[in-house]
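# What the coordinates show
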Amino acid sequence: GKEIPGQASLVFDVVLLDLHNPKDGIAIENQLVPESCERRSQTGDFLRYHYNGTLLDGTLFDSSYSRNHTYDTYVGKGYVIAGMDEGLLGVCTGEKRRIIIPPHLGYGEEGRGKIPGSAVLVFDIHVVDFHNPSDSVSITVHYKPSNCTVLSKKGDYLKYHYNASLLDGTLLDSTHSLGKTYNIVLGSGQVVLGMDMGLQDMCVGERRTVVIPPHLGYGEDGVEGEVPGSAVLVFDIELLELVSGLPEGYMFVWNGEVSPNLFEEIDQNHDGEVLLEEFSEYIQTQVDTGKGKLAPGFDFEKIVKNMFTNQDRDGNGKVTAEEFKLKDQEAREEHDEL
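The residue numbering used here restarts from 1 in each chain and proceeds along that chain's sequence as written. Per-residue local features are limited, in this predicted model, to residues with pLDDT of at least 70; the limit for side-chain atom pairs, both in listing and counting, is 80 or more; totals at the level of whole chains, interfaces and linings are taken over all residues. The side-chain numbers reported here are obtained from all heavy atoms of the structure, hydrogens and water having been left aside.

## Quick notes on the pattern of salt bridges
Selection rule: The salt bridge criterion pairs a side-chain nitrogen of Lys or Arg with a carboxyl oxygen of Asp or Glu, the two atoms within 4 Å. In this description a helix means any DSSP run of H or I spanning at least four residues, a strand means any run of E spanning at least two, and both kinds are numbered starting from the N terminus. For every residue, the accessible area (1.4 Å probe, protein chains only) is compared with the maximum for its type, and the residue is labelled buried under 20%, exposed over 50%, or partly exposed between those bounds.
One pass over the full model with this rule turns up 13 salt bridges. Asp129 is paired through a salt bridge with Arg48; the nearest N and O atoms lie 3.1 Å apart. Here Asp129, found in strand β6 (residues 121-131), pairs with Arg48, found in strand β2 (residues 46-55); they are 81 residues apart in sequence, far enough to count as distant. Owing to a relative accessible area of 3%, Arg48 belongs among the buried residues under this scheme. Linked through salt bridges whose partners overlap, the residues forming this network are Arg39, Asp45 and Asp135.

## As for the UniProt feature "domain: EF-hand" (unreviewed entry) in the protein chain
Put simply, the rule reads: UniProt positions are given in the numbering used here, feature names are shortened, and annotations may be inferred rather than shown by experiment.
Here the UniProt-annotated "domain: EF-hand" (unreviewed entry) positions come out as residues 254-289 and 299-334. Taken as a whole, residues 254-289 contains 50% helix and 8% strand, while its terminal C-alpha atoms sit 11 Å from one another.

## A word on the UniProt feature "domain: PPIase FKBP-type" (unreviewed entry) in the protein chain
Under the feature "domain: PPIase FKBP-type" (unreviewed entry), the UniProt entry names residues 44-131 and 155-243. Summarising residues 44-131: 7% helix, 40% strand, and an end-to-end C-alpha distance of 9 Å.

## Focus: the environment of Ala27
Put simply, the rule reads: Here a residue-residue contact requires only that any non-hydrogen atoms of the pair lie within 4.5 Å.
In this fold, Ala27 is placed in strand β1 (residues 27-32). Taking the C-alpha atoms as reference, Ala27 lies 5.0 Å from Ile100; in sequence the two are 73 residues apart. Those residues in contact with Ala27 that sit more than four places away from it in its chain are Arg98, Ile99 and Ile100.

## What to know about the state of the cysteines
Selection criterion: Counting rule for disulfides: a pair of cysteine sulfur atoms within 2.5 Å.
Evaluated as defined, the whole model comprises two disulfides. Paired through a disulfide, Cys37 and Cys92 show a sulfur-sulfur distance of 1.9 Å. What sets the handedness of the Cys37 and Cys92 disulfide is the S-S torsion sign, and at about -95 degrees it is left-handed. Residue Cys37 is found in the loop between β1 and β2, and its partner Cys92 is found in the loop between α1 (82-87) and β5 (96-101); the two are separated by 55 residues along the sequence. You can call Cys92 buried: its relative accessible area is 0%. At a sulfur-sulfur separation of 2.2 Å, the disulfide partner of Cys148 is Cys203. Disulfide Cys148 to Cys203: torsion about the S-S bond roughly -115 degrees, handedness left-handed. Here Cys148 is found in the loop between β7 (138-143) and β8 (157-166), whereas its partner Cys203 is found in the loop between α3 (193-198) and β11 (207-212), with 55 residues between them in sequence. Counting its disulfide-bonded cysteines in sequence order, the protein chain shows a connectivity of 1-2, 3-4.

## Describing the packing of aromatic side chains
A ring pair, where both rings are aromatic, is described by two values, the distance of the centres and the angle of the planes. To keep it simple, the criterion reads: Geometry of aromatic contacts follows a simple scheme: Phe, Tyr and Trp rings, the Trp one being its six-membered ring, pair when their centres are within 6.5 Å, and the pair is stacked under 30 degrees between planes, edge-to-face over 60, tilted otherwise.
The full count for this structure, using the stated rule, is 15 aromatic pairs. Relative to Tyr74, the ring of Phe46 lies with its centre 4.9 Å away and its plane at 75 degrees, an arrangement referred to as edge-to-face. Here Phe46 is found in strand β2, whereas its partner Tyr74 is found in strand β4 (residues 71-74), with 28 residues between them in sequence. Since its relative accessible area comes to 29%, Tyr74 is described here as partly exposed. Plain terms: the ring middles of Tyr51 and Phe123 are 5.8 Å apart, the flat faces sit at 65 degrees to each other, and that makes the pair edge-to-face. A residue pair is termed long-range when its members are at least 10 positions apart, and Tyr51 in strand β2 and Phe123 in strand β6 qualify at 72 residues. The exposure class assigned to Tyr51 is buried, which follows from its relative accessible area of 7%. Judged by its relative accessible area of 6%, Phe123 falls in the buried class. Aromatic ring contacts, followed pair by pair, group Tyr49, Tyr51, Phe61, Tyr71 and Phe123 into a single cluster.

## Comments concerning the nonpolar core
In a soluble, globular protein the nonpolar side chains are often hidden away together inside. Convention followed: We call a set of buried residues a nonpolar core when its members are Ala, Val, Leu, Ile, Met, Phe, Trp, Tyr or Cys and they connect through side-chain atoms within 4.5 Å of each other.
Counting 23 residues, the largest nonpolar core has Tyr160, Met195, Leu199, Ile212, Phe235 and Ile237 as the members making the most contacts within it. Residue contacts for Tyr160: discarding those within four places in its chain leaves Thr175, Thr181, Tyr182, Ile184, Val191, Met195, Leu199, Ile237, Glu238, Leu239 and Leu240. In terms of nonpolar packing, the next biggest core, distinct from the first, is built from 22 residues, Leu47, Phe61, Ile81 and Ile101 among them.

## Quick word on the side chain of His50
Defined as follows: Counting of polar contacts relies on pairs of N or O atoms within 3.5 Å, with two restrictions inside protein: one atom must be capable of donating a hydrogen and the other of accepting it, and residues adjacent in sequence are counted only when both atoms are side-chain atoms.
Along the polypeptide, His50 turns up in strand β2. A relative accessible area of 15% means that His50 is categorised as buried. Only 2.8 Å separates the side chain of His50 from the side chain of Ser64, close enough to count as a polar contact. For His50, the residues in contact, after removing those within four places along its chain, are Ser64, Tyr65, His69, Thr70, Asp124, Ile125, His126 and Val128.

In structure tokens form, the structure reads like this:
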């Protein structure tokens, strides 16, 4: 044409940006593999990882670090580009690896955003944690006293110390730093479901590590400013005190025989009606003298008010002898009706 004369010698100054072969697969370079790797990721796992994405010449096109948030995805199921889907399989928690992806396993001939068409991609990833939606709580016992006959169960009042962290070791919270124990009624919903499960069948003095997947912890949302979304949690626990709870469904039980004239004893002014104040005073006396026991770990006033409300069947703030029934009597009546 007009730009290149005939018989001209041509000079090209070339900078090679990248190259690939259509037959290429991904290339993986392991940069750091933790010594302890109990499990490697597999198809269907949910990974949280950080990454820097560059071209072969080092040009940065994306980074999760700049957003201060991990990239979270299922692997082996087509949620990310094919090369990344393959490259995230077989990793350990805490592993760092480089994944080099040819364009036919990346963004192809058209590219995307800052990624040119037919570009070879380089991802430097750091795996923060991963889990499978079918995972349950994992419990590792580090110390169990030789005299371990009383085991924690639903309804027991527990006092324990814990250190809470992420799988990468990031500390989230610790009762030791607060100088006081964490106290709950087991199985009452006062902690996440995974912790309720992890505290079962412990004896006083026992130390264990409980690993909780997010669907049994704080889920996809996490706790803003405290727990990242979809995070696996690690609790190092020491049980310090256990107060046995009551049978399920009971908030108060008698330690001995029940008086046949119970209503008359509660009705101190003998007017045929029991008010909340009379009821509360009577229950307090039974607990103080050891004749009765309240469910441990709950507020006394709330328990008594709930007990009173259950007896006040017409809701007029008074309990009559006709309304008053013990739980065992109610159960027998229901059984007879059936």
